[in-house]
Each structure stands twice: as structure tokens, then as C-alpha cells.
Amino acid sequence: MRTAFITGATSGIGKAAATRLAGENYRLILCGRRKEILEELAGELAQKTDVYTLTFDVRNYEEVQNAVGSLPAEWQAIDILINNAGNAHGLEPLTEGKVSDWDMMMDGNVKGLLYVSKCIIPGMKERTSGHIINISSVAALQTYANGVVYCASKKAVKTISEGMRLELTEFGIKITDLAPGAVETEFSEIRFKGDKDRAATVYAGYEALKAEDIADVISYVVNAPKHVTIADMTIYPSAQASPTQIFRK
């Protein structure tokens, strides 16, 4: 039974991926900041598989180190790392953007991914096997106005994925970069600071992707034959033609 380590597992894509993999004979290490929600999810999924939880903030390297280092011996061999934790804050021009929002995005989307990966990759290299899935975004493919810092953070994720592939393929470690388009999760509500009405407009007039759709892709990627690596994949809802173009009814 393989072990999957999932960051940002309390909601959205992370939660959907955990639910999907729990039914596919994977043990799960679920990570997040919201302890109560994490434990509730663990309780649900424990009916299907073995589950271990870690509560930490990916933006804090010391917390990441301590959390990963606290894993019992029987949970230390991590086969799959899903770097899902991330965020978007604000939708303003650079001159009006808040530095605190920029810090949240760069620290969470970029540095957090690096911190977690740094702690887990050595074990994969030692075992000469593993699979890292980084969740970037179509925002990495085309920069859009008023989202410059978010786009930059996701382009960094794509660049890191490429670098990981160059450095780790020789050790038998697969690297996959997934770039979802519009997915209806808490994403927009967080971006707009809890403004549910504004968040709802992002998904109005068309059928957006669901977190479960991305979980389907993750399942396909991790269950591909050993000699097959899905390096990059872009996933759009059928109404979306580009990062900035969505056809609404």
C-alpha cells in the first residue's frame, strides 16, 4: 500500500484528492492548518484506509520540519507528495495591491511548496522512487491584469516543477505539474476576503470544474504505469478557452 502526503487537505482539491485516493488503496497523510476540519475528514476516511494527520502552516519552515520529522517510522516512507496548499488574495493592480496579500501568495504558493518538498525529497531519493504532484494553475500560462503576483507565484510553481524533473528523474522520482482552469472551490471566496456574492460571479453563467474533476486527474496520474510520467497537464472546464476567456450563457 502506497502512502500519499497531501497538503491543503481540509478543502477543495486537497480534500477531493484525499477522498478519491482513500478508495484506491492509498494510505494518507493529511496536512492542513485547520485541525478540527482535518480530524473530521480523517475520521471519515479512516473507514476506508489508514490516515495520519499533521497540523502545520506550510509558510513556516520550522513548523514544516517539525511536522514531517514527527512522523512515526511506519509513516516516513512517502510515495506520493501532492503539493496542493496555496492561495490567492486580492484582485487589484500592482499599485493598489497589499503587500500582506503578496506575502501570503508568495509564501504559501512558492516557499511553502519548497519547504515541504525539501523535507520529503531526501527520503524519495534514498528509496529511488516517488512521485511529486505540484498544483500550479492556468495563471502560470498567461499573466492577467490585476492578478500579477498570483500569476507570478503559479509560474514559479511551474518552473520549480521543471527543475525538479531535471534534478530528480535520475532517482526514479516522477514530477507532474497540473494546471487547472476555473475550479469552483473556496478559492474565489478567499481571494475576495469572504465576499460570497463577488466570488459567485466568477462561476456564473457556465459550469466550472469541480474539485472532484481534478481528483480524477490526480488518480489517473498516480496510477499510470511505472514507465509513464504525465509531466504537465492543463485542465479547463469546457466553457473556458484560455486563462482569461470563459464563454458564459
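These figures come from a predicted structure and were not determined experimentally.

1. A short note on helix α5 (residues 148-168)
- Compared with the 30 Å implied by 1.5 Å per residue over 21 residues, the 30 Å span of α5 between its first and last C-alpha is a close match.
- Where α5 is concerned, the buried positions are Val149, Tyr150, Cys151, Ser153, Lys154, Val157, Lys158, Ile160, Ser161, Met164 and Leu168.

2. Remarks on the packing of helix α4 (residues 99-127) against α5
- Look at α4 against α5: their axes get within 9 Å of each other, and the N-to-C directions meet at 15°. With respect to α5, the axis of α4 lies roughly parallel. Between α4 and α5 the crossing geometry is right-handed. Of the residues in α5, those touching α4 at Trp102, Met105, Met106, Asn109, Val110, Leu113, Leu114, Ser117, Ile121 and Lys125 are Val149, Tyr150, Ser153, Lys154, Ala156, Val157, Ile160, Met164 and Leu168.
- Across the contact of α4 with α5, the residue classes tally to 14 nonpolar, three polar and two charged.

3. Some points on the packing of aromatic side chains
- Summed over all chains, the structure comprises two aromatic pairs.
- On the basis of an interplanar angle of 40° and a centroid distance of 5.6 Å, the ring pair of Tyr52 and Trp75 is categorised as tilted. You can see Tyr52 sitting in strand β3 (residues 51-55) and its partner Trp75 sitting in the loop between α3 (61-69) and β4 (80-83), a full 23 residues away along the chain.
- Note on Tyr52: relative accessible area 25%, which makes it partly exposed.
- For Trp75, a relative accessible area of 8% translates into the label buried.
- Aromatic pair Tyr61 and Tyr115: ring centres 5.1 Å apart, planes at 45°, arrangement tilted. Of the two residues, Tyr61 sits in helix α3 while Tyr115 sits in helix α4, which places them 54 residues apart along the sequence.
- Here the guanidinium or amino end of Arg27 rests over the ring plane of Trp75, the centre of that ring lying 4.0 Å away.

4. Concerning the nonpolar core
- If you look at the biggest cluster of nonpolar residues, it comprises 31 residues, and the most contacted ones within it are Leu28, Leu30, Ile133, Leu178 and Ile218.
- Only β1 (2-6), α1 (12-22), β2 (26-32), α2 (35-45), β4, β5 (130-135) and α8 (211-222) provide two or more residues apiece to this core.
- Ranked by the residues each element gives to this core, the list is headed by α8, at seven residues.
- Setting aside its immediate chain neighbours within four residues, Ile133 contacts Leu81, Ile82, Asn83, Thr176, Leu178, Ile218, Val221 and Val222.

5. What to know about the pairing of β2
- Of all the seven residues making up β2, seven are buried; the element is thus mostly covered by neighbouring parts of the structure.
- By the bridge criterion, five bridges tie β1 to β2 in an arrangement that is parallel. Along β2, the bridge assignment pairs Phe5 with Ile29.
- Handedness of the β1-α1-β2 crossover: right-handed.
- Bridge count between β2 and β3: five bridges; the pairing is parallel. Of the residues in β3, the one forming a bridge with Leu28 is Val51.

Conventions adopted
- Residues numbered from 1 in each chain as written.
- Predicted model: local features only at pLDDT ≥ 70, side-chain atom pairs only at ≥ 80, totals over all residues.
- Heavy atoms only, no water.
- Helix = DSSP H or I, 4+ residues; strand = E, 2+ residues; numbered from the N terminus.
- Expected span 1.5 Å × (residues − 1).
- Buried < 20%, exposed > 50% of the residue type's maximum accessible area, 1.4 Å probe, protein only.
- Axes fitted to C-alpha atoms, helices over the stretch in contact; angles between N-to-C directions.
- Parallel < 35°, antiparallel > 145°, perpendicular 65-115°, else oblique.
- Left-handed = near helix turned anticlockwise from the far one by under 90°.
- Contact = heavy atoms within 4.5 Å.
- Nonpolar A, V, L, I, M, F, W, Y, C, P; charged D, E, K, R; others polar.
- Phe/Tyr/Trp six-rings, centres within 6.5 Å; stacked < 30°, edge-to-face > 60°.
- Lys NZ or Arg CZ within 6 Å of the ring centre and 35° of its normal.
- Core = buried A, V, L, I, M, F, W, Y, C linked by side-chain atoms within 4.5 Å.
- Pairing = 2+ DSSP bridges.
- Right-handed = clockwise from strand over helix to strand, strands pointing away.

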